[in-house]
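As a plain string of letters, each chain reads:
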Amino acid sequence: MSYGPGFRRDPQGRVRWSENGRWTEYVRDPGGTIRRDGNVPVSSPPSSSPLLGVDPPRREGTRPTAGSGGESGGGGAAIGGAVVGVGGVGLFVVFFLLVIFLWQLRWILLIGWLAMAVAGVLLYRRGRLRGRPLVFGVVAWITLGCLCMTGFGFQSSYEEGQKRTTAEESREEAELTAREISATQNSLARMADDPHDFCSNRMSDGADDALAEREGTSSCSEAVEGLAARLGPTGLHALSGLEMTKISSVFDEDRYLQRSTFQLGPNPLGWTRIEMSVGTMYGFVIHSFQ
């Protein structure tokens with residue numbers, strides 16, 4: 001007659017695991033600890049012996065789970081589940097952070113990958129790396145190599161993006177400089193067409209008063225009229241090709257141009273330097289000159 005597996009009271013009075021109609025060497029102490037006892041009874045467990053737990057023993061020193069005859073409650077299972085849950089979340093966080101900082105860890109990963117390769121070869125030659133450990137080691141080595149290559153790929157993409165950004169900024173600044181120069185040349189060449197507009201809208205922050213003071217007139221408009229009479233149409237037209245070399249630029253935190261300073265080549269005005277401001281409805285205006 002076959003009996004269902006489980007813990008029963010053996011002839012020695014100990015709670016012993018029986019299976020396939022025979023007693024085994026596994027016994028359970030009153031505290032729930034499962035141990036091995038080589039003094040196995042030779043008699044068969046009686047069919048009428050009540051089951052004292054149906055969870056099979058695992059290894060020496062382990063405790064039965066919640067189903068082993070009610071001697072251990074569900075607290076252990078709950079704690080174990082919590083530990084597994086926290087461990088899973090922790091591994092996810094570590095993996096997430098690793099992916100984020102993968103390009104920063106690329107050299108460390110490369111060193112670890114090479115060290116694993118050397119250690120693996122040495123252990124294999126000594127016969128200490130066989131079977132499942134060998135398979136696990138190879139998988140880990142390949143995974144680490146993939147992460148390492150991904151890190152270098154991230155770095156390459158980042159540097160390429162930085163180069164593109166720098167190139168685009170340089171191109172945009174060059175285009176902006178060309179517009180500043182063109183607008184300034186055009187304004188100076190046409191300032192005699194409407195002196196009042198030139199003084200009111202093309203000069204700012206006291207530059208109009210500075211021009212009047214420089215020319216010894218009572219107003220900027222009079223100064224412009226005097227300049228136009230002195231230079232004549234030929235001199236004014238020459239200002240349309242005025243040589244201008246940018247010295248510096250001031251940008252705000254959003255990379256919008258605020259002010260530029262230009263060095264001027266020889267010109268009939270006698271100016272050597274001009275500073276442009278940006279941000280008015282009239283575009284580029286003269287902020288100051290020397």
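Owing to the predicted nature of the structure, the values given are computational and were not obtained by experimental measurement.

Caption draft 1: Main features of the overall build of the protein. Check the secondary structure of the protein and you find 6 helices and 8 strands. Shown N-terminal to C-terminal, the secondary structure of the protein runs as helices and strands in the order β-β-β-β-α-α-α-α-α-α-β-β-β-β. Considering the protein as a whole, with its 290 residues, one finds that 31% of them fall into the buried category. Within the protein, contacts between residues separated by at least 24 positions form 49% of all contacts whose residues are at least 6 apart in sequence. Total accessible area computed for the protein in this model is approximately 18,100 Å², and 58% of it derives from carbon and sulfur atoms.

Caption draft 2: Inspection of the environment of A183 at higher detail. Among the secondary structure elements, A183 is positioned in helix α3 (residues 131-189). In the structure, A183 is positioned 19 residues away from R202 in sequence and 9.9 Å away in space, judged by C-alpha atoms.

Caption draft 3: Region of the structure containing the state of the cysteines. Tallying each qualifying case throughout the model produces 1 disulfide. Note on cysteine connectivity: C199 is disulfide-linked to C220, with sulfurs 2.0 Å apart. On the S-S bond that ties C199 to C220, the torsion sits near -80°, and the link is left-handed. Taken as a pair, C199 in helix α4 (residues 195-201) and C220 in helix α6 (residues 220-238) lie far apart in primary sequence, 21 residues in all.

Caption draft 4: Molecular detail of the side chain of D10. Along the polypeptide, D10 turns up in the loop between β1 (6-9) and β2 (15-19). Within the local environment of D10, its side chain forms a polar contact with the side chain of R16, the two groups lying 2.8 Å apart. Those residues in contact with D10, other than ones at most four positions away along the chain, are R16, W23 and P41.

Caption draft 5: Expanded view of empty space enclosed by the protein. All told, the structure shown has 1 cavity of 30 Å³ or more when counted by the stated rule. Approximately 40 Å³ is the volume attributed to the largest cavity. Lining the largest cavity are T184, S187, L188, R202, M276, F284, V285 and I286. Contributions of two or more residues to the lining of the largest cavity are made by α3 and β8 (283-289). Its residues placed into classes, the lining of the largest cavity shows 5 nonpolar, 2 polar and 1 charged.

Parameters and conventions
- Residues numbered from 1 in each chain as written.
- Predicted model: local features only at pLDDT ≥ 70, side-chain atom pairs only at ≥ 80, totals over all residues.
- Heavy atoms only, no water.
- Helix = DSSP H or I, 4+ residues; strand = E, 2+ residues; numbered from the N terminus.
- Buried < 20%, exposed > 50% of the residue type's maximum accessible area, 1.4 Å probe, protein only.
- Contact = heavy atoms within 4.5 Å.
- Areas by Shrake-Rupley, 256 points an atom, 1.4 Å probe, with all protein chains shown as cover.
- Disulfide = S-S within 2.5 Å.
- Polar contact = N/O pair within 3.5 Å; in protein donor to acceptor, adjacent residues only side chain to side chain.
- 1 Å grid on protein atoms, 1.4 Å probe; cavity = no way out; pocket = protein on both sides within 12 Å on 5 of 7 lines; lining within 4 Å.
- Points joined across faces, edges and corners; volume = space filled by probe spheres on them.
- Nonpolar A, V, L, I, M, F, W, Y, C, P; charged D, E, K, R; others polar.

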